[in-house]
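Fold and geometry: a report
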Amino acid sequence: MELKIFVFNPIEVNSYLLWDETGEAVLIDCGCFSANEEETLKRFIADNKLQLKHYLNTHLHFDHIFGSPFIYSEYGLGAEASDGDWHWAGNIAERVARFGIRYDKKIPQLQRVLHNGDEIV
């Protein structure tokens, strides 16, 4: 198993990319905020010939989901996470404005709701 940690967005959240010898990969907490950060992630995935299979979120605070629209549009993956945090994604523009950050993208709905004990295959 390989691991690459990216530090993204003004809050400097860790985003984790894990993959195995087959090239299948999972992304956890995509915090990409800028086009430059999106390109950095996209280039790394392409350069390493990875196939992104899952996009997981540990929780849905704004700094962990900034990159969700990018992952959805670029790779067709919605987030997999607990829906107990979904209320944090609902009015993201208002929440980040409190930190002096402007964000006007819409967060896609969860692709899969995860529960304790679920397996990610």
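Residues numbered from 1 in each chain as written. Predicted model: local features only at pLDDT ≥ 70, side-chain atom pairs only at ≥ 80, totals over all residues. Heavy atoms only, no water.

Thoughts on the overall build of the protein
The condition that has to hold: A run of DSSP states H or I qualifies as a helix once it reaches four residues; a run of E qualifies as a strand once it reaches two. Both are numbered from the N-terminal end. Exposure is judged per residue with a 1.4 Å probe applied to protein chains only, and the accessible area is read against the type maximum: over 50% gives exposed, under 20% gives buried, and values in between give partly exposed. In this description, contact between two residues means that some pair of their heavy atoms is separated by no more than 4.5 Å. With residues, only the protein chains shown are counted as cover, and all accessible areas are computed by Shrake-Rupley using a 1.4 Å probe. Charge assignment: positive for Lys and Arg, negative for Asp and Glu; neither His nor the chain ends contribute. A single reference atom marks each charge: NZ on Lys, CZ on Arg, CG on Asp, CD on Glu.
From N to C terminus, the protein includes five helices and six strands. For the protein, the α and β elements follow one another from N to C terminus as β-β-β-α-β-α-α-β-α-α-β. In the protein, buried positions account for 44% of the 121 residues. Considering only intrachain contacts with a sequence separation of at least 6, the fraction spanning at least 24 residues in the protein is 61%. When the accessible surface of the protein is totalled, it reaches about 7000 Å², and 49% of it is carbon and sulfur. Positive and negative side-chain charges in the protein, numbering 11 and 19 respectively, have mean positions lying 6 Å apart.

Side note on a nonpolar patch on the surface
As a reminder of what qualifies: Patches here are clusters of residues that have more than 30% relative accessible area and form no salt bridge, with a 9 Å joining cutoff for like charges and a 5 Å cutoff for nonpolar side chains (Val, Leu, Ile, Met, Phe, Trp, Tyr). Salt bridges are defined as contacts in which a side-chain nitrogen from Lys or Arg sits within 4 Å of a carboxyl oxygen from Asp or Glu.
On the surface, a nonpolar cluster with roughly 270 Å² of combined accessible area is contributed by Leu3, Ile5 and Val7. Assignment of secondary structure puts Val7 in strand E1 (residues 2-8).

Topic: the pattern of salt bridges
What the rule picks out here adds up to four salt bridges. Between Lys105 and Glu38 there is a salt bridge; the shortest N-O distance is 3.2 Å. Placement of Lys105 in the loop between helix H5 (92-97) and strand E6 (112-113) and of Glu38 in helix H1 (residues 35-47) is noted, with a sequence separation of 67 residues between them. Linking Asp104 and Arg102 is a salt bridge whose minimum nitrogen-to-oxygen distance equals 3.5 Å. Neither residue differs from the other here; Asp104 and Arg102 are each classed as exposed.

Quick notes on H1
Turn by turn, an α-helix covers 3.6 residues, leaving residues three or four places apart pointing in a common direction. This is how it is decided: Expected span, for any helix, means 1.5 Å times one less than how many residues it has. Read the arc as the range of directions from the helix axis to the C-beta atoms.
With 13 residues, H1 extends 18 Å from end C-alpha to end C-alpha; this agrees with the ideal 18 Å at 1.5 Å per step. All buried positions along H1 are accounted for by Glu37, Glu38, Leu41, Phe44 and Ile45. Down the axis of H1, the buried side of the element spans an arc of 135°, and every buried residue falls inside it. In H1, the exposed positions angled more than 90 degrees off the buried face are occupied by Ala35, Asn36, Ala46 and Asp47.

Focus: the environment of Asn57
Our working rule: In protein, a polar contact requires one atom able to donate a hydrogen and another able to accept it; more generally it is a pair of N or O atoms within 3.5 Å, and residues adjacent in sequence count only if both atoms are side-chain atoms.
With respect to the secondary-structure elements, Asn57 resides in the loop between strand E4 (51-56) and helix H2 (62-65). Along the backbone, Asn57 and Ile28 are 29 residues apart, and their C-alpha atoms lie at a distance of 5.5 Å. Ignoring anything within four residues of it in the chain, the contact list for Asn57 reads Asp29, Cys30, His64, Ile65, Ala79, Glu80 and Ala81. Separated by 3.1 Å, the side chain of Asn57 and the backbone oxygen of His64 make a polar contact.

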